[in-house]
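# Summary of the model geometry
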Amino acid sequence: DVYYSVKKEYDYVREKTDIISKEKESILKVIQEIDVKKRKTFMKTLSSLNEIFSRNFSQISTKGKVSLELENPKEPFEAGVAITVKTGHGKYFDVTSLSGGEQVLVAISLIFAIQELNPYCFYILDEIDAALDKRNSERLANLLNRYMKKGQYIVISHNDEIISNATNIYGVSMHDGISKIISLKV
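These notes cover the structure that comes with them. The model shown is predicted, which means the values in this text are computed figures rather than measured ones. (Residues numbered from 1 in each chain as written. Predicted model: local features only at pLDDT ≥ 70, side-chain atom pairs only at ≥ 80, totals over all residues. Heavy atoms only, no water.)

### Some thoughts on unusual backbone geometry
Applicable threshold: Only DSSP runs of H or I covering at least 4 residues are called helices, and only runs of E covering at least 2 are called strands; the numbering of each starts at the N terminus. Whether a residue is buried, partly exposed or exposed follows from its accessible area with a 1.4 Å probe, protein chains only, as a fraction of its type maximum: under 20%, in between, or over 50%, in that order.
At Glu127, a residue that is not glycine, the phi angle is positive and equals roughly 50°. If you trace the backbone, Glu127 turns up in the loop between β4 (122–126) and α3 (134–148). With a phi angle near 55°, Asp176 is a residue other than glycine that sits in the positive phi range. As for its position among the elements, Asp176 is in the loop between β6 (168–175) and β7 (178–185). On the basis of relative accessibility, which here comes to 70%, the residue Asp176 falls in the exposed class.

What follows is the structure in structure tokens.
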């Protein structure tokens, strides 16, 4: 009697562990499917973003080509993404080795690439052109004009190139000690 009682209890526990094992396998299979989809989606997005990023940079810089590269291509979620600049002479640079103005161009190219990939309707950019020289400011103004067709931008700037390419200008002027807001539709 004791044997049958213990065997019945054992069979009951074994049945439950079998059910739990099957559920575990099913959950692990779903997790694996999600991981495959996540990786595929990430790689597709990274590829699209990299293409737009490279195109944007080539439009505003003559420094060379930029690209986004995985620090660990075999396990993309285990490490980060690096920005690499390749000059026309075949040399590769890390973005941190560029000048301040060149870093701005890289950052702007990436920001606009992200914006193109996942657009919003409204953007505020505060003195993104502060570290740029005249020629690079002209290139940035051209890039801004292209993107302004797809969204609304408020760009805070003191740069003549950016201001002269704007569609509307707002400013503050002081006259007789009183600040006044000025607007101009170009």
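### Quick notes on the packing of aromatic side chains
Under the convention used in this document: Put simply, two rings from Phe, Tyr or Trp (the six-membered ring, in Trp's case) pair if the centres are within 6.5 Å, and we call them stacked under 30 degrees between planes, edge-to-face over 60, tilted for the rest.
In total, this model carries five aromatic pairs according to the counting rule given. Between Phe112 and Tyr147, the aromatic rings sit 4.8 Å apart at their centres with planes inclined by 25°, giving stacked as the arrangement. Residue Phe112 is found in helix α2 (residues 100–117), and its partner Tyr147 is found in helix α3; the two are separated by 35 residues along the sequence. According to the relative accessible area criterion, Phe112 is buried, its value standing at 2%. Taken together, a centroid distance of 6.0 Å and an interplanar angle of 45° make the contact between Phe112 and Tyr153 tilted.

### Focus: the packing of α2 against α3
The criterion, for reference: As a rule, the C-alpha atoms of each element are fitted with a line to give its axis, helices using only the stretch in contact, and angles between N-to-C directions run from 0 to 180 degrees. Any angle that is under 35 degrees is reported as roughly parallel, and any over 145 degrees as roughly antiparallel; angles of 65 to 115 degrees are reported as roughly perpendicular and all others as oblique. The contact criterion used is simple: two residues touch if any of their non-hydrogen atoms lie within 4.5 Å. Charged means Asp, Glu, Lys or Arg here, nonpolar means Ala, Val, Leu, Ile, Met, Phe, Trp, Tyr, Cys or Pro, and polar covers whatever is left, Gly included.
The interhelical angle for the contact between α2 and α3, taken along N-to-C directions, is 5°, at an axis separation of 12 Å. The pairing of α2 with α3 is recorded here as roughly parallel in orientation. Across the interface between the two elements, Leu105, Ile108, Phe112, Ala113, Gln115 and Glu116 of α2 pack against Asn136, Leu140, Leu143, Leu144, Arg146 and Tyr147 of α3. Here the contact of α2 with α3 is composed, by residue class, of eight nonpolar, two polar and two charged.

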